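Listed below, chain by chain, are the residues.
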Amino acid sequence: GKNEKNRLNPMNGLLLNALHDKAFETGLITITEDYTIKISSLLKKKNIPESIQQNFINFEGRQISLPDKFLPAKEFLKIHNERFK
């Protein structure tokens, strides 16, 4: 199917550490179509632990480091953003 074909597409990948990969997959963080990090309101509650602040909130609004080639495809980011919480 379509998903199977895109699994190996280098423009359908982001290099993330395990923590951010899991948060991305579960919709707690996303990357906008202009490659900016967006953090779910679920992580922005009052009295959040320092670890959430350091590992997530501090990255809000920052642009990701882009690779020299195979930029993440905006169409795949758009699809992911539709599942963002």
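The shown structure was predicted, so the numbers you read here are calculated from the model rather than taken from an experiment.

Colleague: Now, about the side chain of H80: what can you tell me, with residues and values included?
Modeller: Mapped onto the elements, H80 comes out in helix α4 (residues 74-81). Engagement of the side chain of H80 in a polar contact is seen with the backbone oxygen of F24, the distance being 2.7 Å.

Colleague: I'd love a proper account of the pattern of salt bridges, names of residues and values included.
Modeller: Summed over all chains, the structure comprises two salt bridges. Of the charged contacts, one joins E60 and K44 as a salt bridge, the two residues approaching to 2.6 Å between their closest N and O atoms. With E60 in the loop between α3 (50-55) and α4 and K44 in the loop between β2 (37-39) and α3, the pair connects residues that are 16 residues apart, well separated along the chain. Between E82 and K78 there is a salt bridge; the shortest N-O distance is 3.9 Å. With relative accessibility at 58%, the residue E82 sits in the exposed group. Judged by its relative accessible area of 43%, K78 falls in the partly exposed class.

Colleague: Tell me about the nonpolar core, and name the residues and values.
Modeller: In this structure, I29, I31, I39, L43 and F56 are the most contacted members of the largest nonpolar core, which totals 13 residues. Secondary structure elements with two or more residues in this core: α2 (18-25), β1 (29-31) and β2. Not counting residues within four places of it along the chain, the set of residues in contact with I29 comprises H20, A23, F24, K38, I39, F56, H80 and F84.

Conventions used here
Residues numbered from 1 in each chain as written. Predicted model: local features only at pLDDT ≥ 70, side-chain atom pairs only at ≥ 80, totals over all residues. Heavy atoms only, no water. Helix = DSSP H or I, 4+ residues; strand = E, 2+ residues; numbered from the N terminus. Polar contact = N/O pair within 3.5 Å; in protein donor to acceptor, adjacent residues only side chain to side chain. Salt bridge = Lys/Arg side-chain N within 4 Å of Asp/Glu carboxyl O. Buried < 20%, exposed > 50% of the residue type's maximum accessible area, 1.4 Å probe, protein only. Core = buried A, V, L, I, M, F, W, Y, C linked by side-chain atoms within 4.5 Å. Contact = heavy atoms within 4.5 Å.

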